[in-house]
Amino acid sequence: MDYPDALNKLIESFMRYPGIGKKTAERYAFHTLHRFENEDIADFIDSLHRVKEEIKPCEQCGHLTDDSTCVICKDTRRDQTKILVVETSRDVIVIERSRSYDGLYHVLDGVIAPSEGIGPEDIRIKPLLERLRNDDVKEVILALNLSDEGETTAMYINRLLEKTDLLCTRIAYGLPAGGNIGYADVVTLHKALEGRKKY
Ligand SMILES: [Zn+2]
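Residues numbered from 1 in each chain as written. Predicted model: local features only at pLDDT ≥ 70, side-chain atom pairs only at ≥ 80, totals over all residues. Heavy atoms only, no water.

1. Some details on the sheet that holds strand E6 (residues 167-170)
Turning to step 1, where the next piece is worked out: Here we have five strands laid out as an open sheet, ordered E4-E3-E5-E6-E7, and mixed in their pairing. Edge positions in the sheet fall to strand E4 (103-107) and strand E7 (197-198), since each of these pairs with one other strand and no more.
Turning to step 2, where the next piece is worked out: By the bridge criterion, four bridges tie strand E5 (residues 139-142) to E6 in an arrangement that is parallel. Paired with Ile141 across the bridge in E6 is Thr169.
Turning to step 3, where the next piece is worked out: Where helix H7 (residues 148-161) meets the sheet, it contacts strand E3 (79-86), E5 and E6, and its direction lies at approximately 165° from that of E6. (Pairing = 2+ DSSP bridges. Helix = DSSP H or I, 4+ residues; strand = E, 2+ residues; numbered from the N terminus. Contact = heavy atoms within 4.5 Å. Axes fitted to C-alpha atoms, helices over the stretch in contact; angles between N-to-C directions.)

Quick look at the structure:
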């Protein structure tokens, strides 16, 4: 037997999230129905709208922001000679929380994945190269995940930088199995950055 239409729709909406199966979606839907006040619902709807309307990539580094440039790029006290390259905005947040790094970032928005038809032109490599024309930049630190795609992407970028005067380093991988930066703890990240090596 099916639920009434509105409840069904809500369950289906929750099931769009990764890792949320039918049972969890049902629990969320019932929680919404029984526990949320009208104000909570209004807040929820408002957040959903705002996240789509206000959040966009920083024009410089690609990190998510609600302004044209992000707070990191705006902060002139940060070391402008280093750019740390990551796959996603989430990696930026994790590294920032570890307080191990004071330079700039560049978010690639993915990795080169030939099997999925994702080439270098599909991620933010070109904007990275444009930023590197700035004389202030001396070092590019690659902090990509230890997947096949992460390795391919790191190799690709390193090859592009070989002809330049820029120092290309990569973080040391004492990272957990799978080498996913998003799941590394503060101490591990700190060590990974401290122990970075020339590519
Ligand atoms: Zn930025």
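2. Things to note about the packing of helix H5 (residues 89-98) against helix H8 (residues 186-194)
Turning to step 1, where the next piece is worked out: Between H5 and H8, the least distance of the axes is 9 Å, while the angle of their chain directions is 95°. As summarised for this structure, H5 and H8 are arranged roughly perpendicular, according to the angle between their axes. Mapping the contact onto sequence places Val94, Ile95 and Ser98 in H5 and Val186, Leu189 and Leu193 in H8.
Turning to step 2, where the next piece is worked out: In terms of residue class, the contact of H5 with H8 is built from five nonpolar, one polar and no charged. (Parallel < 35°, antiparallel > 145°, perpendicular 65-115°, else oblique. Nonpolar A, V, L, I, M, F, W, Y, C, P; charged D, E, K, R; others polar.)

3. Quick notes on the coordination of the zinc ion
Turning to step 1, where the next piece is worked out: Binding of the zinc ion to the protein goes through Cys58 (SG), Cys61 (SG), Cys70 (SG) and Cys73 (SG), at separations of 2.3 Å.
Turning to step 2, where the next piece is worked out: Here the zinc ion binds four donor atoms, and the angle range of 105 to 117° at the metal identifies the geometry as tetrahedral.
Turning to step 3, where the next piece is worked out: On the primary sequence, the residues serving as donors to the zinc ion are separated as C-x2-C-x8-C-x2-C.
Turning to step 4, where the next piece is worked out: On the basis of relative accessibility, which here comes to 1%, the residue Cys61 falls in the buried class.
Turning to step 5, where the next piece is worked out: For Cys70, a relative accessible area of 1% puts it in the buried group. (Donors = N, O, S within 2.8 Å, 3.2 Å for Na, K, Ca; no water. Tetrahedral: all angles 85-135°; square planar, octahedral: opposite > 155°, others 65-115°. Buried < 20%, exposed > 50% of the residue type's maximum accessible area, 1.4 Å probe, protein only.)

4. A look at the domain arrangement of the chain
Turning to step 1, where the next piece is worked out: Split by domain assignment, the chain resolves into domain 1 (5-54) and domain 2 (64-198).
Turning to step 2, where the next piece is worked out: Taking the mean C-alpha position of each, domain 1 and domain 2 sit 34 Å from one another. (Domains from an automatic or database assignment.)

5. Focus on a negative patch on the surface
Turning to step 1, where the next piece is worked out: On the surface, a cluster of negative charge is contributed by Glu37, Glu39, Asp40, Asp43, Asp46 and Glu53.
Turning to step 2, where the next piece is worked out: Its location among the elements puts Asp43 in helix H3 (residues 38-54). (Patch = residues over 30% accessible without salt bridge, like charges linked within 9 Å, V, L, I, M, F, W, Y side chains within 5 Å. Areas by Shrake-Rupley, 256 points an atom, 1.4 Å probe, with all protein chains shown as cover. Salt bridge = Lys/Arg side-chain N within 4 Å of Asp/Glu carboxyl O. Lys, Arg positive; Asp, Glu negative; His and termini not counted. Charge placed at Lys NZ, Arg CZ, Asp CG, Glu CD.)

6. Examining helix H2 (residues 22-35)
Owing to its 3.6 residues per turn, the α-helix brings residues three or four apart onto one side.
Turning to step 1, where the next piece is worked out: Over its 14 residues, H2 runs 19 Å from end to end, which matches the ideal 20 Å to within 8%, given 1.5 Å per residue.
Turning to step 2, where the next piece is worked out: Considered for burial, the residues of H2 that qualify are Ala25, Glu26, Ala29 and Thr32. In an axial view of H2, the angular spread of the buried residues amounts to 125°, which keeps them on one side of the axis. Summarising the geometry of H2, the exposed residues directed more than 90 degrees from the buried face are Lys23, Arg27, His34 and Arg35.
Turning to step 3, where the next piece is worked out: Here the buried face of H2 lies against helix H1 (5-14) and H3. (Expected span 1.5 Å × (residues − 1). Arc of directions from axis to C-beta.)

7. Observations concerning the nonpolar core
Turning to step 1, where the next piece is worked out: Grouped together as the largest cluster of nonpolar side chains are 21 residues, with contacts concentrated most on Leu84, Val86, Ile95, Tyr101, Tyr105 and Ile171.
Turning to step 2, where the next piece is worked out: If you list the elements that add at least two residues to this core, you get helix H4 (71-74), E3, H5, E4 and H8.
Turning to step 3, where the next piece is worked out: Setting aside residues no more than four positions away along its own chain, Val86 makes contact with Asp91, Val92, Ile95, His106, Val107, Leu108, Ala143 and Leu144.
Turning to step 4, where the next piece is worked out: Core analysis: the second largest hydrophobic core is formed by 18 residues, Ile83, Leu128, Val137 and Ile157 among them. (Core = buried A, V, L, I, M, F, W, Y, C linked by side-chain atoms within 4.5 Å.)

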